[in-house]
Amino acid sequence: MRAFSRASVRPSRPTAVGFAGALTAVCLTLSACGGSADGNATAATSAASPSGGTAVRLNRPLTKPELTLTDDQGKSFDLVKRTAGKPTLMYFGYTHCPDVCPTTMADLANAVKQLPEADQGRLQVIFVTTDPARDTPKRLHQWLAAFDRRFIGLSGDFDAVQKAARSVGVSVDKPVKNADGSYTVTHGAEVLAFSPADDKVHIIYTSGTTTQRYAADLPALIRGQV
């Protein structure tokens, strides 16, 4: 039987005592391949978009995780060093995802296209696979190119990916191969926005955030005005 992916959804379960109720509430609405938030921020405020999705602004920004993986060109990629001082959006997902991952990448790509050309070149969009056994650098490159050739795909040690994801409030579970040949891949569906001013996460976008919302927010992010 040909292998395919199967979605898995689960509610948020913040583990840090101080994680804001606002983030808990919005993450409970995730309709992702699988989602939960294990956060370490102490407070947050949220702003819902009329067309879907929520932007959660953290009162205490999250530190960019130290993570070195292989990019979609087959080269070593040190996340902290390569994105230092650059406006960065990061998402944890996988290429066999049937719904939320391609939708999120398409929304981001469409939002980026609305930016001035100079700003398009400054923004980095990082896609970190939660299914490294199947998402080789070549597959990541081909898949991301369908959205925007400038998007960067990262793959590598799952434990390192899981640790990094959890450090910024995104839950990631190890993929499970089922008896029928399908896979269950559970991961959070948040897009993390790192400001170039301090290289920290200031805003978390939940699943369902639209192109229009990203397009409205990105100019300020690129200028470090978050």
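Shown above is the structure to which this text applies.
All of these numbers come straight from a predicted model, not from anything done at the bench.

K.L.:
Which residues make up the pairing of strand β11 (residues 191-194), and what values go with them?
P.N.:
Residues of β11 alternate between two faces, with Val 191 and Ala 193 on one and Leu 192 and Phe 194 on the opposite face, all of them buried. As defined by bridge partners, strand β6 (residues 88-93) adjoins β11 across four bridges and the pair is classed as antiparallel. Across the sheet, the residue bridging to Leu 89 is Ala 193, located in β11. As paired strands, β11 and strand β12 (residues 200-205) are joined by four bridges and run antiparallel to one another. Each bridged residue has a counterpart across the sheet, and for Ala 193 the counterpart in β12 is Ile 203. Remark: five residues form the turn of the hairpin made by β11 and β12, two consecutive strands paired antiparallel; Asp 199 in that turn has positive phi of roughly 60°.

K.L.:
Quick one: what's the story with the packing of helix α3 (residues 100-113) against helix α7 (residues 211-222), residue by residue and with numbers?
P.N.:
Where α3 meets α7, the closest approach of the two axes is 8 Å, and the angle between their N-to-C directions is 45°. Classified by the interaxial angle, the pair formed by α3 and α7 is oblique. Crossing of α3 over α7 shows right-handed handedness. Across the interface between the two elements, Thr 104, Asp 107, Leu 108, Asn 110, Ala 111 and Val 112 from α3 touch Thr 211, Tyr 214, Ala 215 and Leu 218 from α7. In terms of residue class, the contact of α3 with α7 is made up of six nonpolar, three polar and one charged.

K.L.:
Run through the nonpolar core, naming residues and quoting values.
P.N.:
Among the nonpolar cores identified, the biggest contains 33 residues, and Leu 89, Tyr 91, Met 105, Leu 108, Leu 123, Phe 151 and Leu 218 are the most heavily contacted of them. Mapped onto this core, the elements with two or more residues apiece are β6, α3, β7 (124-129), α5 (137-145), β11, β12 and α7. Looking at this core, the element that brings in the most residues is α3, giving seven residues. Residue contacts for Met 105: discarding those within four places in its chain leaves Tyr 91, Phe 127, Trp 143, Leu 144, Phe 147 and Phe 151. Ranked by size, the runner-up nonpolar core spans 24 residues in total, among them Leu 58, Leu 69, Leu 192 and Phe 194.

K.L.:
An account of the packing of aromatic side chains is needed here, citing residue identities and associated values.
P.N.:
For any pair of aromatic rings, the description rests on two quantities: the centre-to-centre distance and the angle between the ring planes. Counted under the stated rule, the structure contains four aromatic pairs. Relative to Phe 147, the ring of Trp 143 has its centre 5.0 Å away and its plane inclined at 70°; by these criteria the two rings are edge-to-face. With respect to class, Trp 143 is no different from Phe 147; both count as buried. An aromatic cluster of at least three residues, connected via ring pairs, comprises Tyr 91, Phe 127, Trp 143 and Phe 147. Over the face of the ring belonging to Phe 194 we find Lys 64, whose NZ or CZ atom lies 5.2 Å from the ring centre. The side chain of Arg 134 reaches across the aromatic face of Tyr 183, ending 3.8 Å from its centre.

Quick notes on the rules
Residues numbered from 1 in each chain as written. Predicted model: local features only at pLDDT ≥ 70, side-chain atom pairs only at ≥ 80, totals over all residues. Heavy atoms only, no water. Buried < 20%, exposed > 50% of the residue type's maximum accessible area, 1.4 Å probe, protein only. Helix = DSSP H or I, 4+ residues; strand = E, 2+ residues; numbered from the N terminus. Pairing = 2+ DSSP bridges. Axes fitted to C-alpha atoms, helices over the stretch in contact; angles between N-to-C directions. Parallel < 35°, antiparallel > 145°, perpendicular 65-115°, else oblique. Left-handed = near helix turned anticlockwise from the far one by under 90°. Contact = heavy atoms within 4.5 Å. Nonpolar A, V, L, I, M, F, W, Y, C, P; charged D, E, K, R; others polar. Core = buried A, V, L, I, M, F, W, Y, C linked by side-chain atoms within 4.5 Å. Phe/Tyr/Trp six-rings, centres within 6.5 Å; stacked < 30°, edge-to-face > 60°. Lys NZ or Arg CZ within 6 Å of the ring centre and 35° of its normal.

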